[in-house]
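Structural characterization, general
So you can see what is in the structure, the chains are spelled out below.
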Amino acid sequence: MSNLSPSPSPRYRIGYALSPKKEQTFITSSLITHANQQGVDLIRIDPSKPLTQQGPFDCIVHKLYKPDWIHQLHQLSLHHPNVVVVDPPEAIERLHNRVSMLEVVTQLRNETFWVPNQKVVYDPEILRGADAIRELGLRLPVIAKQVSADGGARSHEMCLVLNLNGLSKLETPIVVQEFVNHGGVVFKVYVVGDHVKCVKRRSLPDVPEEKLNDNTAEGLLSFSQISNSARNEEEEEDWCSGSGAEKAETPPFELVVELARGLREAMGLQLFNFDLIRDGKDGNGRYLVIDINYFPGYAKMPSYESVLVDFFRHVVDERRNKTSGLEEEHQEVRGGG
């Protein structure tokens, strides 16, 4: 019998396969301590060794995308269906493309939540003409994002485009998304199975109309020049508890939960977050989903230790109960002859 089969012990053996950077930020001492107290063992998986030589595991969580690793997970699911894999690689793949990631939002047909207008541009000449923005069917300002969102170094590169001069400097392929003034506040919604948590964070400031009319200006600002990436956690916490956050109207929680549930079911994912902004010009409280990320930085979520540990126990218990039920059915069939 392979080492991968779930352990018969009452403890929960959760294997994790993460990049060194992700492991450092996610597998914290506080998470390990809380997990141990709740009967959960967090076991590091060495991706350079065959999965068959490691384990046993009740559940595997991962954020690795190399073909060999994905092949191993597929083999695991085929030969050891009792091991829970969070999440299926083919479901995660959808979020690696900034075009397909937001299509799921529009497919939900929710009247409260929308996505910004955006276009993917492959031909650089489309960005060079005097009528470029009109031909794209968009309005300035726009945000330029890499098409790929696979976690690579370039996938995080973004910039704010204020005029045609800035638009002409973009390299293709590129996703060009309308920037919507939203009061400088983004709502980050963390999803862990059935658990949903919405937190406020600082975002890009609103762009005044006068900045859009000067085509002699550079017109292209990288997010590192204008974002909050340089702010430390203490400054962010001060802002979140101060007047800046108080001015931002949090979306109704029941609507956020409804959207999170819809996304979870449509994407087939358990671990993700999405960014919401409120359209500053829409008096009806229109919210827009601008980004979806797989397996985000959960350590930034309040009480993440208990949320994740409860989730691990739940998915394993669910699988154990399902397996037990099937075994009882088989026994009844055999006994009934």
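In this text the structure is predicted, and so the values were computed from the model without any measurement.

Bringing the overall build of the protein into the picture now. Counting its secondary structure elements, the protein contains twelve helices and 14 strands. Burial status across the protein gives 44% buried among its 337 residues. A separation threshold of at least 6 residues defines the contact pool for the protein, and within that pool the share at least 24 residues apart is 72%. For the protein, the exposed surface amounts to about 17,600 Å²; the carbon and sulfur share of it is 49%.

Structurally, the position occupied by Lys22 is in helix α1 (residues 20-26). For the buried residue Lys22, which engages in no salt bridge, the nearest side chain bearing the opposite charge is Asp87, 12 Å off. A polar contact is formed between the side chain of Lys22 and the backbone oxygen of Pro296, at a distance of 2.8 Å. Here Lys22 is in contact with Ile27, Lys63, Phe295, Pro296 and Gly297, once residues within four sequence places are set aside.

Right, let's get into the sheet that holds strand β1 (residues 12-17). On the basis of which strands lie adjacent, the open sheet formed by four strands has the order β2-β1-β3-β4 and parallel pairing. Only two strands of the sheet have a single partner each, and these edge strands are β2 (40-44) and β4 (84-86). The average angle at which neighbouring strand axes cross in this sheet is 20 degrees, direction not considered. As defined by bridge partners, β1 adjoins strand β3 (residues 59-62) across four bridges and the pair is classed as parallel. Note on β3: the bridge partner recorded for Ala17 is His62. Packed onto the sheet, helix α3 (residues 67-79) meets β1, β3 and β4 and runs at close to 160 degrees relative to β3.

With that out of the way, let us pick up the pairing of strand β7 (residues 142-145). Here β7 shows two buried faces, one formed by Val142 and Ala144 and the other by Ile143 and Lys145. By the bridge criterion, four bridges tie β7 to strand β8 (residues 158-161) in an arrangement that is antiparallel. Across the sheet, Ile143 pairs through a bridge with Leu160, a residue of β8. Taken together, the four bridges between β7 and strand β9 (residues 174-178) define a ladder with antiparallel strand orientation. By the bridge assignment, Val142 is partnered in β9 with Glu178.

This part covers the sheet that holds strand β14 (residues 287-294). Pairing in this open sheet of five strands is mixed, and the strands run β5-β14-β13-β10-β11 from one edge to the other. The sheet is open, and its two borders are formed by β5 (113-114) and β11 (195-202), each paired with just one other strand. Pairing of strand β10 (residues 185-192) with strand β13 (residues 271-278), which is carried by six bridges, proceeds in the antiparallel orientation. Opposite Lys188, over in β13, you have Asp275 as the bridge partner. With respect to the sheet, helix α5 (residues 100-107) is in contact with β5 and β14, its orientation differing from that of β14 by roughly 135 degrees. In the packing of helix α11 (residues 253-267) onto the sheet, contacts are made with β5, β10, β11, β13 and β14, and the angle to β13 comes to roughly 135 degrees.

Segments scoring low in pLDDT should not have their predicted coordinates read at a detailed level. Of all residues in the protein, 84% attain a pLDDT of 70 or more, and the chain-wide mean is 87. The model gives residues 227-231 a pLDDT under 50, and that stretch makes six contacts with residues more than four places away or in other chains. A low-confidence stretch, residues 327-335 (pLDDT under 50), is modelled with zero contacts involving residues beyond four sequence positions or located in other chains.

Our focus in this paragraph is unusual backbone geometry. In this structure, the amide linkage connecting Leu140 to the following residue, Pro141, adopts the cis form with an omega of 0 degrees. Tracing the backbone through its elements, the reader meets Pro141 in the loop between α6 (132-136) and β7. For Ser303, which is not glycine, the phi dihedral falls at a positive 55 degrees. One can find Ser303 in the loop between β14 and α12 (304-336).

In this section: the pattern of salt bridges. Counted according to the given criterion, the structure contains eight salt bridges. Salt-bridge contacts for Asp131 lead to Arg134; the nearest nitrogen and oxygen are separated by 3.2 Å. Residue classification places Asp131 among the partly exposed residues on the basis of a relative accessible area of 39%. Taking relative accessible area as the criterion, Arg134 reaches 57% and is therefore assigned exposed. With its nearest N and O atoms 3.2 Å apart, the salt bridge here joins Arg154 to Glu157.

Parameters at a glance
Residues numbered from 1 in each chain as written. Predicted model: local features only at pLDDT ≥ 70, side-chain atom pairs only at ≥ 80, totals over all residues. Heavy atoms only, no water. Helix = DSSP H or I, 4+ residues; strand = E, 2+ residues; numbered from the N terminus. Buried < 20%, exposed > 50% of the residue type's maximum accessible area, 1.4 Å probe, protein only. Contact = heavy atoms within 4.5 Å. Areas by Shrake-Rupley, 256 points an atom, 1.4 Å probe, with all protein chains shown as cover. Lys, Arg positive; Asp, Glu negative; His and termini not counted. Salt bridge = Lys/Arg side-chain N within 4 Å of Asp/Glu carboxyl O. Polar contact = N/O pair within 3.5 Å; in protein donor to acceptor, adjacent residues only side chain to side chain. Pairing = 2+ DSSP bridges. Axes fitted to C-alpha atoms, helices over the stretch in contact; angles between N-to-C directions. pLDDT = per-residue confidence, 0-100.

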